[in-house]
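So you can see what is in the structure, the chains are spelled out below.
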Amino acid sequence: MAGTTLAGCSQAQDLPPVPEDTDCADWEWDDDEGVWQCDDNRSSHYGHFFYGGMFFHSRSALLNSSAYKSYRSSKSYKSSSSFKGGFGSGSKGGFGG
């Protein structure tokens, strides 16, 4: 999946904390949107994006959120361009760590 990194990668210390939600046991960082996404296929929230304490069932629902739009234009927004030499900056060969 392009644009995603695993929470265990070297950049994890720079990311916002993983959401604490009992309905999702596996979170993946979506680097394109700068938010966490539920990667637990047993969860009713599987594939949903999480921002501001809310789940968004699709990328378009997230992008249409006024709170997310404010975040996207703020200095706290985290994406691959936020990291110097981080994931997605031309390195090859898997996820690294």
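Predicted model only: the values in this text are computed from it and were never measured.

Formed by 14 residues in total, the largest nonpolar core has its most connected members in Trp27, Val35, Leu62, Tyr68 and Tyr71. Per-element accounting of this core gives the leading share, three residues, to strand S3 (residues 35-38). For Val35, the contacting residues outside a window of four places in its chain are Glu28, Trp29, Asp30, Phe49, Phe50, Tyr51, Leu62, Tyr68 and Tyr71.

Another aspect to go through is the state of the cysteines. Per the stated rule, a full pass over the model turns up one disulfide. Here Cys24 pairs with Cys38 through a disulfide, and the sulfurs are 2.1 Å apart. Looking down the S-S bond of the Cys24 and Cys38 bridge, the torsion is 105°, so its handedness is right-handed. Here the residue Cys24 occupies a position in the loop between strand S1 (4-6) and strand S2 (27-30), and Cys38 occupies one in strand S3, the gap between them amounting to 14 residues. For Cys24, a relative accessible area of 4% translates into the label buried. By relative accessible area, Cys38 is classed as buried at 1%.

Glancing now at the environment of Glu28. Its place among the elements puts Glu28 in strand S2. In this structure, the C-alpha to C-alpha distance between Glu28 and Phe49, residues 21 residues apart in sequence, is 9.5 Å.

Applying the stated criterion across every chain, the model contains four salt bridges. Note that Arg59 and Glu33 form a salt bridge whose closest N and O atoms lie 2.8 Å from each other. Linking Arg59 in helix H1 (residues 59-63) with Glu33 in the loop between S2 and S3, this pair joins segments that are 26 residues apart in sequence. Ionic pairing is found between Glu33 and Arg72, a salt bridge with its closest N-O pair at 2.7 Å. Residue Glu33 is located in the loop between S2 and S3, and its partner Arg72 is located in helix H2 (residues 66-72); the two are separated by 39 residues in the primary sequence.

Enumeration according to the criterion identifies seven aromatic pairs in this entry. Each ring, one from Trp27 and one from Phe55, has its centre 5.8 Å from the other, and the planes form 15°; the classification is stacked. Here Trp27 is found in strand S2, whereas its partner Phe55 is found in strand S5 (residues 54-56), with 28 residues between them in sequence. Residue classification places Trp27 among the buried residues on the basis of a relative accessible area of 8%. Measuring from centroid to centroid gives 5.1 Å for Trp29 and Trp36, while their planes differ by 75°, and the two rings are edge-to-face.

Calculation notes
Residues take numbers from 1 onward in each chain, read along the sequence in its written order. Local features in this predicted model are restricted to residues whose pLDDT is 70 or higher, and side-chain atom pairs enter the listing and the counts only when it is 80 or higher, whereas totals over whole chains, interfaces and linings include all residues. Hydrogens and water molecules were not included; the side-chain quantities draw on all heavy atoms of the structure. By nonpolar core we mean a set of buried residues, namely Ala, Val, Leu, Ile, Met, Phe, Trp, Tyr and Cys, connected to one another through side-chain atoms within 4.5 Å. Buried residues are those whose accessible area, probed at 1.4 Å on protein chains only, stays under 20% of the maximum for their type, while exposed residues exceed 50% and partly exposed ones sit between those limits. Helical segments are the DSSP runs of H or I of at least four residues, strand segments are the runs of E of at least two, and each set is numbered from the N terminus. The contact criterion used throughout is that any non-hydrogen atoms of two residues lie within 4.5 Å. When the sulfur atoms of two cysteines come within 2.5 Å, that pair is taken as a disulfide. A side-chain nitrogen of Lys or Arg and a carboxyl oxygen of Asp or Glu constitute a salt bridge if their distance falls within 4 Å. Stacked, tilted and edge-to-face are the three classes assigned to paired rings of Phe, Tyr and Trp, where Trp is represented by its six-membered ring and a pair needs centres within 6.5 Å; plane angles under 30 degrees give stacked, over 60 edge-to-face, the rest tilted.

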